[in-house]
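Fold and geometry: a report
Residue-level listing of the chains:
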Amino acid sequence: MKRVKAIYPGSFDPLTNGHLDLIERGSKIFDELVVAVLGNPEKDPLFSVADRRKMLEAMTEQFDNVTVDTFAGLTVEYALRVGASAVLRGIRAISDYEYELQMALMNRKLQPGLETVFMMPAEKYSYLSSRLVREIAQLGGSIDCLVPPLVAQKLREKMDVAHKFADIDLDRERAPQDASECKEPERKTKPRKRKS
Ligand code: PNS
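Here goes a summary of the coordinates provided. What you see is a predicted model; the values in this text were computed from it and never measured. (Residues numbered from 1 in each chain as written. Predicted model: local features only at pLDDT ≥ 70, side-chain atom pairs only at ≥ 80, totals over all residues. Heavy atoms only, no water.)

**Some details on helix H3 (residues 75–82)**
The test is simple: Accessibility here uses a 1.4 Å probe with only protein chains present; expressed as a share of the type maximum, an area under 20% marks a residue as buried, one over 50% as exposed, and anything in between as partly exposed. Secondary structure elements follow DSSP: runs of H or I no shorter than four residues count as helices, runs of E no shorter than two count as strands, and numbering proceeds from the N terminus. As used here, the arc is the angular range of directions from the helix axis to the C-beta atoms. Note on contacts: a residue pair qualifies if any of its non-hydrogen atoms lie within 4.5 Å across the two residues.
Where H3 is concerned, the buried positions are Thr75, Val76, Tyr78 and Ala79. Viewed end-on, H3 has its buried residues packed into an arc of 160 degrees, placing them on one side of the element. Looking at H3, the residues exposed on the side facing more than 90 degrees away from the buried face are Leu80 and Arg81. Contacts from the buried residues of H3 go to strand S1 (5–10), strand S2 (32–38), strand S3 (66–71) and helix H4 (94–110). Once H3 finishes, Gly83 follows within two positions and takes phi at roughly 75 degrees, a positive value.

Structure representation (structure tokens):
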């Protein structure tokens, strides 16, 4: 029987709960899934590629068919090198679609045998992005319900160091949130009565 190996390329700077949700979904449909961290020299990353890899490895160790790797250069060439026939990408909202479609079609042009498979993370992660997590962390907001606990810890460490260098008073303690506090907020509005 044909086995399907897929790569899930991305920046993962940092890994979010949305990425993890997608990795779990991908692990269920592919025989092998390689989470591939791009070492992008153009961007100014918050975490080094090595740190991102370590965090991903720690947070995906429960999935037998998931491995983590790093790559540079073209995604299609990396896929070819590791013998993958599919690229997994997440689509959270329509706004992602245009960019993802363009990338998928360009990858198909470069490597016609490589299929891009889009999956949707759980709706509760539809507004979540690494960029927003970085911004919230940098401005002292709580990121505990947005990223795995290990990543939240690493972000706090990084921000504390950054604030010390910037000589900013960090008296306001950012205590880690309890996981049970990460429930979706309840709706305050009462359901409207239907007209009979
Ligand atoms: O998590 P991101 O930053 O949205 O991931 C984007 C990524 C890494 C998938 C994309 O930038 C990429 O594939 N980069 C590698 C270079 C490449 O292949 N560029 C051509 C894309 S059509």
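**Some words on a nonpolar patch on the surface**
Note the threshold: Each patch is built from salt-bridge-free residues with over 30% relative accessible area, joining like charges within 9 Å and nonpolar side chains (Val, Leu, Ile, Met, Phe, Trp, Tyr) within 5 Å. Where accessible areas are quoted, they stem from the Shrake-Rupley method and a 1.4 Å probe; at the residue level, only the protein chains shown are allowed to cover. We define a salt bridge as a side-chain nitrogen of Lys or Arg found within 4 Å of a carboxyl oxygen belonging to Asp or Glu.
Residues Tyr97, Leu101, Leu105 and Phe118 make up a contiguous nonpolar surface patch of roughly 330 Å² in combined accessible area. Of all the elements, H4 adds the most residues to the nonpolar patch, at 3 residues. On the secondary structure map, Leu101 appears in helix H4. Leu101 sits in the partly exposed class, given a relative accessible area of 31%.

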